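Residue-level listing of the chains:
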Amino acid sequence: MNDAILLQALTTARDRDAFAQLVQRYLGLVYSAAYRQLGPSGAVEDVTQAVFLLLWQRPHTVRPPSALPGWLVNAARLASLAARRAEARR
């Protein structure tokens with residue numbers, strides 16, 4: 001299935017299988033985007049998880065569905081910046 005169909009299933013029916021396919025398909029992309037921002041730290045896994053949680057909570061914000069890879073990379077960038085700021089505060 002293509003991304004548009006999977007996103008539609010996720011948006012309308014909260015289809016866990018569709019979500020699992022998207023995670024499997026884009027896990028490496030999101031992880032590498034977070035790694036480029038944070039380097040080798042434990043926060044990379046946390047950021048990756050946060051990005052996919054955001055996708056689960058707000059799949060309707062990905063417009064058009066073909067923009068999913070860019071949306072995920074941008075979300076990883078923003079989550080990485082937030083993780084860096086949180087680490088600096090500690």
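Residues numbered from 1 in each chain as written. Predicted model: local features only at pLDDT ≥ 70, side-chain atom pairs only at ≥ 80, totals over all residues. Heavy atoms only, no water.

A. Structural view of the pattern of salt bridges. Taken as a whole and judged by the stated rule, the model has one salt bridge. Residues Asp 3 and Arg 25 are paired through a salt bridge, measuring 2.6 Å at the closest nitrogen-oxygen approach. Pair noted here: Asp 3 is in helix H1 (residues 3-13) and Arg 25 is in helix H2 (residues 16-38), with a separation of 22 residues, a long-range link. Given the relative accessible area of 37%, Arg 25 is considered partly exposed. (Salt bridge = Lys/Arg side-chain N within 4 Å of Asp/Glu carboxyl O. Helix = DSSP H or I, 4+ residues; strand = E, 2+ residues; numbered from the N terminus. Buried < 20%, exposed > 50% of the residue type's maximum accessible area, 1.4 Å probe, protein only.)

B. The arrangement of the nonpolar core in detail. Of all hydrophobic cores here, the largest spans 22 residues; its most connected members are Leu 22, Val 51, Phe 52, Leu 55, Leu 68, Trp 71 and Leu 72. Elements with a contribution of two residues or more to this core: H1, H2, helix H3 (43-57) and helix H4 (68-89). If one sorts the elements of this core by residue count, H2 sits on top with eight residues. Setting aside residues no more than four positions away along its own chain, Trp 71 makes contact with Leu 54, Leu 55, Arg 58, Thr 61 and Val 62. (Core = buried A, V, L, I, M, F, W, Y, C linked by side-chain atoms within 4.5 Å. Contact = heavy atoms within 4.5 Å.)

All we've got here are geometric facts, nothing functional implied.
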